[in-house]
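Each chain, letter by letter, is given below.
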Amino acid sequence: MTARQLSAEREQWVVEQAMAGADPDSVLKPLRAEGWDEQAAIDAVQAAVSDFIERNAQQTGLPRPVRVPVPAEPNGATLLDAGDRQVQVLASLMLPRVLVLGGLLADDECDALIELARARLRRSTTVDPESGGDQVHADRTSRGTCFTRGQNALCARIEARIARLLDWPLDHGEGLQILNYGPGAEYRPHHDYFDPAEPGSQVHLARGGQRVASVVMYLNTPKRGGATTFPDVHFEVAAVKGNAVFFSYDRAHPMTRTLHAGAPVIEGEKWIATKWLREGRHD
Ligand SMILES: O=C(O)CCC(=O)C(=O)O
Ligand SMILES: [Fe+2]
């Protein structure tokens, strides 16, 4: 059965009502008076509004939304199955989509990752917007190193765990990046997606498409400072060894509110492992 459609005139009226913040009943009432079945009227109004949003998004140059990992539903399970571990949902936010996860890594896994990374640390870089190459930048004062996917047994185990937790193919992810922040070091507010408008993004997008989600895993507990902050929504996640913060972004746009930062470490040091998930296969 094809869904009943609104007349062009009626459709425009529905959109105007929605934009003016009219309550749904007052929009449905005239349709019911014209003989519309209740559910058909609801479907037609929803279709009119989402068509309008999509057309408007295209006209204003918004990137189209893409599929992202969805590890948990609102008010859903408290423990998530990650194959070899159960992971706790400690907090959840819808916009930006953020999940604070407890116990993603065991303490000895955190210690071992730090030891594997320690000898390889170099000053962290950011993506040069022009060339797509690495550049040392004052916005990022940590030291770090990247492992390739499956570079060692521990990386492979953690990658498999994340793939299972997020229900996202293993090969749609980058290798783990390990960062070490000393006192005063930070990562100033940024988005993790590649800005499609920057020429340097193209080389990254050609390898697996956009980043669609990040998992920042805390490998130690700094004495003070070093939270992951989301300045658009004044939300911060404390760095606690073994815990992690997951966030997803369905398009490369600030409307995802996924602007985030590694706040300065005030006392002690901070170690993290970051996993970025891609739209497609990342080789
Ligand atoms: O240090 C943090 O808490 C955030 C790290 C981060 O944003 C990143 O690795 O992209
Ligand atoms: Fe980031």
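Definitions and cut-offs
- Residues numbered from 1 in each chain as written.
- Chains lettered and ligands numbered in written order.
- Predicted model: local features only at pLDDT ≥ 70, side-chain atom pairs only at ≥ 80, totals over all residues.
- Heavy atoms only, no water.
- Pairing = 2+ DSSP bridges.
- Helix = DSSP H or I, 4+ residues; strand = E, 2+ residues; numbered from the N terminus.
- Axes fitted to C-alpha atoms, helices over the stretch in contact; angles between N-to-C directions.
- Parallel < 35°, antiparallel > 145°, perpendicular 65-115°, else oblique.
- Left-handed = near helix turned anticlockwise from the far one by under 90°.
- Contact = heavy atoms within 4.5 Å.
- Nonpolar A, V, L, I, M, F, W, Y, C, P; charged D, E, K, R; others polar.

Naming follows an unreviewed UniProt entry, where the chain appears as Prolyl 4-hydroxylase of Luteimonas terrae.

(A) Spatial organisation of the sheet that holds strand 12 (residues 228-230). Pairing is antiparallel across the open sheet formed by four strands, whose spatial order is 9-15-12-13. Single-partner strands in this sheet number two, and they are strand 9 (187-190) and strand 13 (235-237). Averaged over all adjacent pairs, the angle separating strand axes in this sheet is 15°, with direction ignored. Summarising the sheet, strand 12 and strand 13 pair through three bridges and their orientation is antiparallel. Within strand 13, the position partnered with Thr 228 by the bridge is Val 237.

(B) Expanded view of the packing of helix 4 (residues 107-118) against helix 5 (residues 153-166). At a minimum axis distance of 11 Å, the contact between helix 4 and helix 5 shows a crossing angle of 130°. In terms of axis orientation, helix 4 runs oblique to helix 5. The handedness of the crossing between helix 4 and helix 5 comes out as left-handed. Between helix 4 and helix 5, the contacting residues are Glu 109, Ala 112, Leu 113 and Leu 116 on the first element and Leu 154, Cys 155, Arg 157, Ile 158 and Arg 161 on the second. Within the contact of helix 4 with helix 5, the residues separate by chemical class into six nonpolar, no polar and three charged.

(C) Quick look at the packing of helix 2 (residues 24-33) against helix 3 (residues 38-59). Running from N to C, helix 2 and helix 3 cross one another at 125°; their axes reach a closest spacing of 10 Å. On the basis of their axis angle, the class for helix 2 and helix 3 is oblique. Classified by chirality, the crossing of helix 3 by helix 2 is right-handed. In contact with Val 27, Leu 28, Leu 31 and Arg 32 of helix 2, helix 3 contributes Glu 38, Ala 41, Ile 42 and Val 45. In terms of residue class, the contact of helix 2 with helix 3 is made up of six nonpolar, no polar and two charged.

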